[in-house]
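Report on the structure
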Amino acid sequence: MAVLRVKFTKTKRDKLAQILWILNWVSVVSGIILFSLGLFLKIEIKKRNEVMAKGNINSVPNMLISVGVIACIINFLGGKICYDCSDANKFSRWKLVMLPYIVCTFCFTFCILVGALMCYTMRNELEESLYLGLRDAIKFYKDTDIPGRCFLKKTVDLLQIGFHCCGNNGFRDWFEIQWVSARYLNMASKEVLDRLKSNVDGKFLVDGVPFSCCNPSSPRPCIQYQLTNNSAHYNYDFLTEELNIWVKGCREALLDYYTAIMRSIGIAALLIWLFELSVLIGVRYLQTAMKNVLLLGDLDGESDGWLLENSFVETAKYNINIIKNLGKANQISTVSGMNDPNINVQNTNCGKTNVTTKSIPAA
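Residues numbered from 1 in each chain as written. Predicted model: local features only at pLDDT ≥ 70, side-chain atom pairs only at ≥ 80, totals over all residues. Heavy atoms only, no water.

Thoughts on the overall build of the chain
Cut-off, in case you're wondering: Secondary structure counts use DSSP, requiring at least four H or I residues in a row for a helix and at least two E residues in a row for a strand, with both numbered from the N terminus. Think of it in three bands: residues with accessible area under 20% of the maximum for their type are buried, residues over 50% are exposed, and the middle band is partly exposed, with areas taken using a 1.4 Å probe on protein chains only. Contacts between residues were defined by any pair of non-hydrogen atoms, one from each residue, lying within 4.5 Å. Residue burial considers only the protein chains on display, and all accessible areas are found by Shrake-Rupley using a 1.4 Å probe.
Across its full length, the chain carries 9 helices and 2 strands. Taking all 363 residues of the chain together, the buried fraction comes to 39%. For the chain, long-range pairs separated by at least 24 residues make up 73% of all intrachain contacts whose partners lie at least 6 apart in sequence. Of the accessible surface of the chain, which amounts to about 22400 Å², a share of 60% is contributed by carbon and sulfur atoms.

Right, dumping it as structure tokens:
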């Protein structure tokens, strides 16, 4: 029994073909939108590539870009097919192409769904990439004279200013590394020497943060040095007072930024997937309706269209059997007691059967 059988008159078939022709061109636009969203996400990731570790974070934008290009090609072809299907004579040349086209389009729409879901599952990979990238960027913040690292100070400062953040997880990350370059340290100062000697690794560690961590909206002058020393500042208690530096870590700030972008892209991709699926269902009805018209022989008569010719269970069993039987034509039967009769045959009598041999009579 066919699934979701619908009866079509010639007028309904013609209108369906015209509507699908228009919708396929709309789908071309949706493919361009997918491509643009993927390109936008790729550019946004590229902007902060210096504070991200290498990983699979580009898999989502690459997926969206690829799906967008394929959408434009498939829907352009679909528009041509649907336009010709308004004429039964023109449909005959697409008759053998439509079913493979529908199968390929179904797989393609599934890829759109996968791309949309990937936008929501990318958060963990992105978080790990940001954590490792920011950790290394902060670590090399002081290396302004080393090729390949000299740009990191500017990058981190602009990042902290732009996203109102400080450090990787928070401002205390700066307490654990030497972020002041050695060229700016006064080695004749006893305080500097004492700090270098007090650390096992010989680093100059201070309870301070770079200027880019300062909050310009604070009414009090920025306290960026000796943050944990109450006596160093007038009327100051770092445990109870609201600090005038950014408290949020840059990893969290960037993660929130990219999560908002990917959530929006994911919603757009889901809507496009639903639209593509509806167009595909319409194409399936058109294909089956036109096929049945040719079988009936009455081009102006009514015909049935459906999604599946048989029930879901029967269709699933049929496809499973096809998959199981793939390649069995080249296999040799190994059933007990049965062998291929052509094995170990020395001679053959081509074209002759039941050939009897004559014996020479004895003298």
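Here the narrative resumes, following the displayed structure.
Examining the state of the cysteines
Filter applied, for reference: In this description, the term disulfide denotes a pair of cysteine sulfurs within 2.5 Å.
The tally for this structure, following the rule as stated, stands at 3 disulfides. The partner cysteine of C165 in its disulfide is C250, sulfur to sulfur 2.1 Å. Judged by the torsion about the S-S bond (85°), the C165/C250 disulfide is right-handed. On the criterion of sequence distance, the pair formed by C165 in the loop between α6 (152–163) and α7 (190–198) and C250 in helix α8 (residues 250–296) is long-range, its members being 85 residues apart. Each member of the pair C165 and C250 is classed as buried. Paired through a disulfide, C214 and C222 show a sulfur-sulfur distance of 2.0 Å. Across the S-S bond linking C214 and C222, the dihedral sits near -80°, which makes this disulfide left-handed. Classification of C214 as buried rests on a relative accessible area of 16%. By relative accessible area, C222 is classed as partly exposed at 31%. There is no disulfide at C104, and the cysteine sulfur nearest it, in C107, is 6.5 Å away.

What about the UniProt feature "transmembrane region" (unreviewed entry) in the chain?
Condition: UniProt positions are given in the numbering used here, feature names are shortened, and annotations may be inferred rather than shown by experiment.
On the UniProt side, "transmembrane region" (unreviewed entry) is annotated at positions that read residues 20–40, 60–78, 98–120 and 265–286 here. In this annotation, residues 20–40 is assigned 100% helix and 0% strand; the end-to-end C-alpha distance for the span is 30 Å. Helix and strand shares over residues 98–120 are 100% and 0% respectively, and the end C-alpha atoms of the span are 34 Å apart.

What about helix α5 (residues 123–139)?
Just so we agree on the cut-off: Expected helix span is taken as 1.5 Å per residue step, with the number of steps being one fewer than the number of residues. An arc is given here, and it is the one of the directions from the helix axis to the C-beta atoms.
For α5, built from 17 residues, the straight-helix expectation of 24 Å at 1.5 Å per residue is met to within 8% by its first-to-last C-alpha distance of 24 Å. Along α5, the residues classified as buried are L126, S129, L130, G133, L134, A137 and I138. Mapping the buried residues of α5 onto a view down its axis gives an arc of 145°, with all of them on the same face. Residues N124 and E128 are exposed on α5 and point more than 90 degrees away from its buried face. The elements touched by buried residues of α5 are α6 and α8.

What about the pattern of salt bridges?
Here is the rule we go by: We count a salt bridge whenever a side-chain nitrogen from Lys or Arg sits within 4 Å of a carboxyl oxygen from Asp or Glu.
Taken as a whole and judged by the stated rule, the model has 10 salt bridges. For D143, the salt bridge goes to R149, with nearest N and O atoms at 3.1 Å. Judged by its relative accessible area of 29%, R149 falls in the partly exposed class. The shortest N-O distance in the salt bridge between D145 and R183 comes to 2.8 Å. Placement of D145 in the loop between α5 and α6 and of R183 in the loop between α6 and α7 is noted, with a sequence separation of 38 residues between them. By relative accessible area, which is 51% here, R183 ends up exposed. The structure contains a network of salt bridges with shared partners spanning E44, K47 and R48.

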